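The lines below spell out each chain.
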Amino acid sequence: MTTDPIIRVERLNKWFGDFHVLRDVDLAVARKERIVVCGPSGSGKSTLIRCINALEEFQEGRIVVDGIELGPNLKRVDDVRREIGMVFQSFNLFPHLTVLENCTLAPIWVRNVPKKDAEASAMKYLERVRIPEQANKYPGQISGGQQQRVAIARALTMNPKVMLFDEPTSALDPEMVKEVLDTIVDLANDGMTMIVVTHEMGFAREVANRVVFMDAGQVIEVNTPEEFFGHPKHERTKLFLSQILR
Amino acid sequence: MSGNDTNFVRKTLTPARKAPVITTGFVGLLRTRLFNSPLNIALTFASAALLWFVLEPTIRFMLIDAVWKGSDRTACLADKTGHPVGACWPFIQAKFTQLIYGFYPDDQRWRANLTFALAAILVAPLLVPKIPGKILNAALFFIAFPFLAFFLLRGGGLDGFAFYWLAELFGAAWKPSLTRFWLDFSVTTAVVTAAVIWLWGGWQNGRRAGLSSALTFAGIALVIETLHLDRGGLPLVDTREWGGLLVTLVVSITGIVASMPVGIVLALGRTSRIPLLRIFCVAFIEFWRGVPLITVLFFATYMLPLFLPGDFTIDALVRVLVGIALFAGAYNAEVIRGGLLAVPRGQREAANALGLSYWKTTGLIVLPQALRHVIPSLVNSFIALFKDTTLVLIVSLFDLLGQLRAAFADPTWATPTTLFTGFAFTGIIYWVGCFAMSRYSLFLERRLNAHRRT
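Residues numbered from 1 in each chain as written. Chains lettered and ligands numbered in written order. Predicted model: local features only at pLDDT ≥ 70, side-chain atom pairs only at ≥ 80, totals over all residues. Heavy atoms only, no water.

Time to look at the packing of helix α4 (residues 89–101) of chain B against helix α10 (residues 244–270) of chain B. Residues and elements named next belong to chain B. Direction vectors running N to C along α4 and α10 enclose 25°, while the axes themselves pass 2 Å from each other. The orientation of α4 relative to α10 falls into the category roughly parallel. Two secondary-structure elements touch here, α4 through Gln98, Leu99 and Ile100 and α10 through Gly244, Leu245 and Leu246. Its residues assigned to classes, the contact of α4 with α10 shows 4 nonpolar, 2 polar and no charged. (Axes fitted to C-alpha atoms, helices over the stretch in contact; angles between N-to-C directions. Helix = DSSP H or I, 4+ residues; strand = E, 2+ residues; numbered from the N terminus. Parallel < 35°, antiparallel > 145°, perpendicular 65-115°, else oblique. Contact = heavy atoms within 4.5 Å. Nonpolar A, V, L, I, M, F, W, Y, C, P; charged D, E, K, R; others polar.)

Next up on the list: the nonpolar core. Grouped together as the largest cluster of nonpolar side chains are 71 residues, with contacts concentrated most on B:Phe91, B:Trp242, B:Ile324, B:Leu340 and B:Val392. For B:Leu340, the residues in contact, after removing those within four places along its chain, are B:Ala267, B:Leu268, B:Thr271, B:Val366, B:Leu367 and B:Ala370. One finds A:Val36, A:Tyr125, A:Ala135 and A:Val185 within the second-largest nonpolar core, a separate group that totals 46 residues. (Core = buried A, V, L, I, M, F, W, Y, C linked by side-chain atoms within 4.5 Å. Buried < 20%, exposed > 50% of the residue type's maximum accessible area, 1.4 Å probe, protein only.)

All names here are of chain B. When you line up the elements, Ile375 lands in helix α16 (residues 375–388). The sequence separation of Ile375 and Leu444 amounts to 69 residues, and the corresponding C-alpha distance is 8.4 Å. With residues up to four places along the chain from it excluded, the contact list for Ile375 reads Ser441, Glu445 and Leu448.

Let us now look at the state of the cysteines. Residue and element names in this part refer to chain B. Per the stated rule, a full pass over the model turns up 1 disulfide over all chains. Here Cys76 is linked by a disulfide to Cys88, with a sulfur-sulfur distance of 1.9 Å. Measuring the twist about the S-S bond at about 75°, one finds the Cys76-Cys88 disulfide to be right-handed. On the criterion of sequence distance, the pair formed by Cys76 in the loop between α2 (38–64) and α3 (78–81) and Cys88 in the loop between α3 and α4 is long-range, its members being 12 residues apart. Its relative accessible area of 2% is what places Cys76 among the buried residues. (Disulfide = S-S within 2.5 Å.)

A few words now on the sheet that holds strand β7 (residues 162–166) of chain A. All names here are of chain A. The 6 strands lie next to each other as β6-β7-β8-β3-β9-β10, forming an open sheet whose pairing is mixed. This sheet does not close on itself; its edge strands, each paired only once, are β6 (84–87) and β10 (218–223). Going across the sheet, the axis of each strand differs from the next one's by a mean of 20°, ignoring polarity. Contacting β3 (34–38), β6, β7, β8 (193–197) and β9 (210–215), helix α1 (residues 45–52) runs over the sheet at an angle of about 150° to β7. Relative to the sheet, helix α9 (residues 235–244) contacts β3, β9 and β10, its axis offset from that of β9 by approximately 100°. (Pairing = 2+ DSSP bridges.)

Before going further, it helps to spend a moment on the interface of chain B and chain A. Taken together, the contact pairs 21 residues of chain B with 24 residues of chain A. When chain B packs against chain A, close to 2,100 Å² is buried across both sides, 63% of that on carbon and sulfur atoms. A per-residue breakdown of the area chain B buries against chain A is headed by B:Ala353, B:Leu354 and B:His451, which together make up 29% of the total. The tally of links from chain B across to chain A stands at 2 salt bridges. Linking B:Arg273 and A:Glu57 is a salt bridge whose minimum nitrogen-to-oxygen distance equals 3.3 Å. Broken down by secondary-structure element, the contributors of at least two residues to the side of chain B that touches chain A are α14 (345–353) and α15 (358–373) of chain B. The element contributing the most residues to the side of chain B that touches chain A is α14(B), with 8 residues. When the residues that make up the side of chain B that touches chain A are grouped by side-chain class, the tally is 8 nonpolar, 7 polar and 6 charged. (Buried area = accessible area lost by both parts, 1.4 Å probe. Salt bridge = Lys/Arg side-chain N within 4 Å of Asp/Glu carboxyl O.)

This is the structure in structure tokens:
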């Protein structure tokens, strides 16, 4: 799987002040591969994927996305971000724009797509996440699950090669988790490369090619879902799984 | 009917009763709020008495006892008219033009009127959200109108354009003439238009921008022709002759409009991650917020000329305008910074993740939300600024209040009530202006915050 990685993270080190939040993290993601990152809170999962998208700076190591190297000084930020779509835990839709405007903003202003074409393509993506009828509402007027699906559609409008999901269902009411996960599964079945930080172990089992377990800023164990859930190797992994799978 | 009885036979008939006490409408208000308890009854009477003691004398002074006709002070003296005298409105009638235009020459007042009218024509559609063409409208009002107003109100013409300015800069001799003027104008047009096309990415992409540029210059040419700016323009009216409401409006509108971009830039600078820029903005803001407006005006008027080289002079009014814009800008900067801090960090991150640059993120995502948060505070400072403009009095610019005080000095109208009449009149003008701003901001808030209603 790692013959042609689209994302390569090598010996990544990051500190928040004196706190060593990422320690020698290595990760390679192949094209069309689906990685689930899990671990206890504060283990550096979110920080890792935020580094890949250059939302966080890092002090040592290197990240290469589709051949574009993102050094510690984040020089080619815009080139990298163009390859990557990101979905946040708290949706981060733009509250002053309608759902449709949320989805056309980046194509119009970053790619200079004419407004009409941008709207047509945005509607296509809204249909794909199954909420075209909400296009003219404001984010505050739709449910959390719908907002998160709009956020996914918004990221897709830029035709990213990789999608990053930062705990996409953690801020949702339980009955809305499924609609968002279904959308992500659809996306996975279409062959999108993705890294998902999540606590949804059922989802991990169903979708992931590999599960990455992190603790205290380090990658503890990387394995296929079957092995990871069936025969965890590391003590820390066993402890973690015993705590969340009861 | 009780229990699960489905059959029913009425045994006793219900007699008609009186309707319950009305709790709605005016009568209901009296019953439920104003006279429903001893304390409330007492409060109601106390309030009514207070209202009466305020309103009765006001109405008596302003309307009933007021004098409406007359040609000098005798009309407004109680011992001459034989009844108590309230407001002396003939005083306002006699001084009206002075209060509006100051000492602006009589035969040139049409220029001030035309400026007022143009401003109204341009502002009105800008304030009504439904009317289309906002970008053109805003460009006309914020960019074209100030220049037009300058040449209309002050008069004077132009000697040339880019080449003339370059010649000035390098101290070369330039004899103004009509041919040279228009030659300079054409060359400037061509150079600027070409530059615009090049900046917008060549002939393919920049054609429309180039066309706008050429059209803009055509508009400028039209204005130059109409106002004869190429032949000296309208007669000069020195800003020292301006006064009254004209000065109040020029100073406050310029202050409000110019302080916004200043405030936005300073607020962004202060929240920037570039240390030097941040330090500069903090220092700038703290300096301007730390000195009184009177000091600013005084320095701008009397000290600045001492620092400027030789024959280089800036008009007194312009210096005051710059001072007020920077002063108000520093205040706005802090208000806007509050709005910027209220926008969650995730908003900028989400926009960044979509590939939007710093400026696009700021302009499309962060600022629109930040400014919506601070509309009430911004309007608050605009209203304060509108009234503070009267401080230009201390640098010998006579705004509405200054002009009023000058009018008080006229012995022809020295009566016991002149002072009250004058302040009542100007008070009403200021109140109408401030109240209009306040109502408009409420309307704007409701409209722009449509997304918050769920």
